[in-house]
Amino acid sequence: MSVRRAITAVGAALLLALLPSTAQADAGYPRPQPITGQQIIHDPTVIRLKSGGYVAYSTGGVIGARTSKDTKRWDDAGNAFATPPSWWYEYNDTGDPWAPDISYRAGRYWLYYAVSSWGTNHSAIGVATSRTGLPGTWTDHGKVFSSETTDTWNAIDPAIIKDRGRLWMSFGSYWTGIRMIELNPATGKALPGAGVHHLATRPDAPYAVEGPYIVRHGRYYYLFASYDACCSGVNSTYRIKVGRSTSVTGPYLDRTGKSLLEGGGDLLLEGHGRYIGTGGQSVFRDRGQDWLAYHYYDAEDNGTPKLGLNRLAWVHHWPVVK
């Protein structure tokens with residue numbers, strides 16, 4: 001290398017060192033928490049186990065599993081089930097489940113999931129329980145709720161919230177957006193004759209909003225949802241929006257007072273730098289701290305879907321990614 005080229009290279013390196021980081025320079029969003037081990041995941045749901053450590057379940061495999069002692073290193077832990085329950089094949093040829101949700105109540109872990117095929121609302125949500133929450137310990141209990149091509153909703157992407165002794169499940173993808181139904185707390189399944197509440201949609205077809213997750217903080221309920229398109233690697237446009245309500249069944253409004261049923265929603269997180277198509281989100285609580293779990297497509301690794309974890313802060317009664 002010539003002296004001039006060497007000086008030029010050093011100068012360029014110094015200039016790069018002085019520039020803001022990719023995450024800082026791109027839309028002002030923070031990087032997800034650094035993690036090691038098995039990073040690949042899609043539609044993550046995470047919980048801290050009563051026995052210690054953490055487990056994450058996801059789309060892929062027979063509900064893919066990851067475990068961690070500290071949320072920083074994740075290990076592949078196989079699948080929730082060794083083989084798909086036979087009834088799953090009514091909804092697709094492969095028996096592949098989607099978008100699980102894990103929660104704990106009444107001394108058991110509850111794992112909800114969806115079975116469907118791409119582009120149809122012939123879909124069903126199922127539930128399984130476990131005493132430990134670990135892969136290989138789940139007992140399946142069959143269908144919770146289903147949708148057919150005659151319905152205006154799609155029974156996928158379940159998420160559970162318990163509110164004042166009542167149990168609710170939000171769900172939905174496209175087909176006019178996000179819905180909610182009440183469940184029987186004893187069985188974890190839809191109450192007979194329960195009405196279906198409409199929580200969020202968009203004014204334009206194909207109503208690209210899905211993957212709801214609802215949490216309560218203070219006097220408000222917050223609905224997080226994924227907008228636009230997932231599952232296309234670096235061409236994915238997923239982004240996470242949020243609205244809030246004083247009632248679990250809505251109406252959910254954004255900061256301007258616009259209803260999520262009218263296309264409202266505050267942008268919480270979108271693609272930035274190498275972190276493309278942020279979505280498939282859920283929220284979990286750990287030692288008094290709320291965390292946002294989601295997947296992103298890594299632009300520096302051929303669009304591989306990976307686990308994103310960020311702290312959630314609450315500023316003026318609204319969530320902020322940290």
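A few points on the structure. What you are looking at is a predicted structure, and each value in this text was computed from that prediction instead of being measured.

Some points on the overall build of the protein chain
- Each helix and strand counted, the protein chain has two helices and 21 strands in total.
- Its C-alpha atoms give the protein chain a radius of gyration of 20 Å, near enough to 20 Å, the size a compact globule of 322 residues would have.
- Seen through its C-alpha atoms, the protein chain measures out along the principal axes to roughly 80 × 45 × 40 Å.
- When the 322 residues of the protein chain are sorted by exposure, 52% land in the buried category.
- The long-range share in the protein chain, meaning contacts at least 24 apart out of those at least 6 apart in sequence, stands at 51%.

Overview of the environment of Gly95
- The topology assignment puts Gly95 in the loop between strand S5 (73–79) and strand S6 (97–105).
- Taking relative accessible area as the criterion, Gly95 reaches 1% and is therefore assigned buried.
- Here the alpha-carbon distance between Gly95 and Pro206, two residues 111 residues apart in the chain, equals 26 Å.
- In contact with Gly95, other than residues within four places in its own chain, are Pro84, Trp88 and Tyr89.

Side note on unusual backbone geometry
- Residue Pro206 follows Ala205 across a cis peptide bond; omega there is 10°.
- One can find Pro206 in the loop between strand S13 (197–200) and strand S14 (209–217).
- The omega torsion of the bond from Gly250 to Pro251 falls at 10°, within 30 degrees of zero and hence cis.
- Note that Pro251 resides in the loop between strand S16 (239–245) and strand S17 (266–269).
- Positioned with a positive phi, Arg164 is a non-glycine residue whose angle comes to about 50°.

Side note on the state of the cysteines
- Inspection of the entire model under this criterion finds one disulfide.
- Note that Cys230 is cross-linked by a disulfide to Cys231, the S-S spacing being 2.1 Å. Its S-S torsion of about -55° marks the bond between Cys230 and Cys231 as left-handed, since a negative value means left-handed.
- Classification of Cys230 as buried rests on a relative accessible area of 12%.
- Taking the relative accessible area as the measure of exposure, Cys231 reaches 38% and is therefore partly exposed.

Section: the sheet that holds S13
- One open sheet holds the four strands; their spatial order is S10-S11-S12-S13, and the pairing between them is antiparallel. Two strands close off the open sheet at either side, each with one partner strand: strand S10 (159–163) and S13. Averaged over all pairs of adjacent strands, the angle between strand axes in this sheet comes to 30°, irrespective of strand direction.
- Of the strand pairs in this sheet, strand S11 (residues 166–171) and strand S12 (residues 178–183) are connected by five bridges, and their pairing is antiparallel. Across the sheet, the residue bridging to Ser170 is Met180, located in S12.

Here we look at the pattern of salt bridges
- This model, assessed by the stated rule, comprises 16 salt bridges.
- Between Glu90 and Lys143 there is a salt bridge, and its shortest N-O distance comes to 3.2 Å. Here Glu90 is found in the loop between S5 and S6, whereas its partner Lys143 is found in strand S9 (residues 139–147), with 53 residues between them in sequence.
- When its relative accessible area of 45% is taken as the criterion, Glu90 is described as partly exposed.
- Taken together, the shared-partner salt bridges in this structure form one network comprising Arg274, Asp298, Glu300, Asp301 and Lys306.

A short note on the sheet that holds strand S21 (residues 318–321)
- Judged by pairing direction, the sheet is antiparallel, and its four strands sit side by side in the order S18-S19-S20-S21 without closing on themselves. At either margin of the open sheet sits one strand with a lone partner, and together these are strand S18 (275–286) and S21. For this sheet the average axis-to-axis angle between neighbouring strands, irrespective of direction, equals 35°.
- The sheet contact formed by S18 and strand S19 (residues 289–298) spans eight bridges and is antiparallel. In the strand pairing of S19, Ser282 is matched with Ala293.

A word on the nonpolar core
- Residues Tyr57, Ile63, Phe81, Trp88, Ile102 and Trp138 are the most contacted members of the largest nonpolar core, which totals 20 residues.
- Those elements giving two or more residues to this core turn out to be strand S3 (54–58), strand S7 (108–115) and strand S8 (123–130).
- Examining the composition of this core, we find that four residues originate from one element, S7, more than from any other.
- Those residues in contact with Trp138, other than ones at most four positions away along the chain, are Tyr57, Ala80, Phe81, Ile102, Tyr109, Trp110, Leu111, Ala128, Thr129, Ser130 and Gly133.
- With 19 residues, the next largest nonpolar core counts Ala159, Val215, Leu269 and Val321 among its residues.

Each value, and the rule that gives it
For every chain, the first residue of the written sequence is number 1, and numbering continues from 1 along that sequence. Owing to the predicted nature of the model, reporting of local features is limited to residues with pLDDT of at least 70; listing and counting of side-chain atom pairs is limited to 80 or more, with chain, interface and lining totals taken over all residues. Side-chain figures throughout are based on the complete set of non-hydrogen atoms in the structure, without hydrogens or water. Secondary structure elements are taken from DSSP: a helix is a run of H or I of four residues or more, a strand is a run of E of two residues or more, and numbering for both begins at the N terminus. Radius of gyration: C-alpha atoms only; globule rule: 2.2 Å multiplied by the number of residues to the exponent 0.38. For each residue, the accessible area found with a 1.4 Å probe, counting protein chains only, is set against the maximum for its type, and the residue is called buried under 20%, exposed over 50%, and partly exposed in between. Only heavy atoms enter the contact rule, under which two residues are in contact if any of them lie within 4.5 Å. The rule for a disulfide is simple: a pair of cysteine sulfur atoms within 2.5 Å. Note on pairing: DSSP must find at least two bridges between two strands before they are called paired. Angles shown run from 0 to 180 degrees and are taken between the N-to-C directions of axes, each axis being a line fitted to C-alpha atoms and, for helices, limited to the stretch in contact. The working definition used for a salt bridge is a side-chain nitrogen of Lys or Arg within 4 Å of a carboxyl oxygen of Asp or Glu. Definition of nonpolar core: a set of buried residues of the types Ala, Val, Leu, Ile, Met, Phe, Trp, Tyr and Cys, connected through side-chain atoms within 4.5 Å.

Function cannot be inferred from these measures alone, as they are strictly geometric.
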